[in-house]
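Letter by letter, the chains look like this.
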Amino acid sequence: PAAAGGPAAAAATAACAFADVKGRPREDFCVLQHSNRRIQYSNYNSCCRICVITLAEAHPLLQNGKAIKSINYQISANCSRLQNKVSGKSKRVWPGAQFLTEFAPLCRISSSDGEEYTIYSCIRGRLIEVNENILNNPALLQEKPSTEGYIAVVLPKFEESKSITQGLLTQKEYEEVLLKRLNSS
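Residues numbered from 1 in each chain as written. Predicted model: local features only at pLDDT ≥ 70, side-chain atom pairs only at ≥ 80, totals over all residues. Heavy atoms only, no water.

### Some details on the sheet that holds strand S11 (residues 116–120)
Picture the strands of a sheet paired through backbone hydrogen bonds; they go either parallel or antiparallel.
Argument step 1. Taken in spatial order, the 3 strands make up an open sheet running S6-S10-S11, and their pairing is antiparallel. Two strands close off the open sheet at either side, each with one partner strand: strand S6 (68–72) and S11. Across the sheet, the mean angle separating the axes of adjacent strands is 20° when strand polarity is ignored. (Pairing = 2+ DSSP bridges. Helix = DSSP H or I, 4+ residues; strand = E, 2+ residues; numbered from the N terminus. Axes fitted to C-alpha atoms, helices over the stretch in contact; angles between N-to-C directions.)

### Some details on the nonpolar core
Argument step 1. By size, the foremost hydrophobic cluster in this structure holds 28 residues, and its most contacted members are Ile71, Ile109, Leu141 and Ile151.
Argument step 2. Looking at this core, the elements that each hand over two or more residues are strand S2 (29–34), strand S5 (51–55), S6, strand S10 (105–111), S11, strand S12 (125–130), helix H2 (139–143) and strand S13 (152–155).
Argument step 3. Look past the residues within four positions of Ile71 in its chain and what remains in contact with it is Cys107, Arg108, Ile109, Ile134, Leu135, Pro138 and Leu141.
Argument step 4. Among the nonpolar cores identified, the runner-up in size contains 12 residues, and Ala56, Ala58, Leu155 and Leu178 belong to it. (Core = buried A, V, L, I, M, F, W, Y, C linked by side-chain atoms within 4.5 Å. Buried < 20%, exposed > 50% of the residue type's maximum accessible area, 1.4 Å probe, protein only. Contact = heavy atoms within 4.5 Å.)

### Observations concerning the pairing of S2
Argument step 1. Of all 6 residues making up S2, 6 are buried, and the element is well covered by its neighbours.
Argument step 2. Of the two faces of S2, the one lined by Phe29, Val31 and Gln33 and the one lined by Cys30, Leu32 and His34 are each fully buried.
Argument step 3. Relative to S5, S2 is paired through 5 bridges, and the arrangement is antiparallel. The residue bridging Leu32 from the neighbouring strand is Val52, located in S5.

### Some remarks on the pattern of salt bridges
Argument step 1. Evaluated as defined, the whole model comprises 3 salt bridges.
Argument step 2. For Asp28, the salt bridge is made with Arg181, and the minimal N-O distance between the two is 2.7 Å. Residue Asp28 is found in the loop between strand S1 (12–18) and S2, and its partner Arg181 is found in helix H4 (residues 171–184); the two are separated by 153 residues along the sequence. Of the two residues, Asp28 and Arg181, neither departs from the other in class, the shared state being buried.
Argument step 3. Among the salt bridges present, the one from Asp113 reaches Lys66, with a minimum N-O distance of 2.6 Å. Here the residue Asp113 occupies a position in the loop between S10 and S11, and Lys66 occupies one in the loop between S5 and S6, the gap between them amounting to 47 residues.
Argument step 4. For Lys66, a relative accessible area of 18% corresponds to the buried category. (Salt bridge = Lys/Arg side-chain N within 4 Å of Asp/Glu carboxyl O.)

### A look at H4
Along an α-helix, residues three or four apart share an orientation, since each turn contains 3.6 residues.
Argument step 1. Compared with the 20 Å implied by 1.5 Å per residue over 14 residues, the 20 Å span of H4 between its first and last C-alpha is a close match.
Argument step 2. Those residues of H4 lying buried are Tyr174, Leu178 and Arg181. Each buried residue of H4 sits inside an arc of 60° when the element is viewed along its axis, so together they form one side. More than 90 degrees from the buried face of H4, the exposed residues found are Lys172, Lys180, Asn183 and Ser184. (Expected span 1.5 Å × (residues − 1). Arc of directions from axis to C-beta.)

Here it is in structure tokens:
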């Protein structure tokens, strides 16, 4: 597991957002991208830009007092993100890590009002860790979404790590999206 406070607490340098993922209004995610300096993550050293996937501030699960009923990392009959087993200390190859595309589902979250939300990776890379702590304490998703309530940690390919943010919104651009939403409602 990650250090206390979660991997997001370890000096993220860029917070970027994906708005309306897969055309689903207001289902926004945040990618916290760590600096390019060498950081220690669990038993692994990395000089790549580790990315932490979280819910963005405007995601419906963080609005209107929704209660989280369940979190499921079982994506299909043959794919569970909980079975992702990473081993070794390699800087570029992470044996056992599942490869994710931008729209690979990480988990499904059900709320008490019957809604179900699929949380997507948002970036291409290797799944390093899913946050098992939120299974026992789903409130962390809502109380501390960018620290202990993170969804997963993804390591993009080294050659792609610097371009990850090109398809994402900066904090300022995301605030503009939120303002437009507010003005249009």
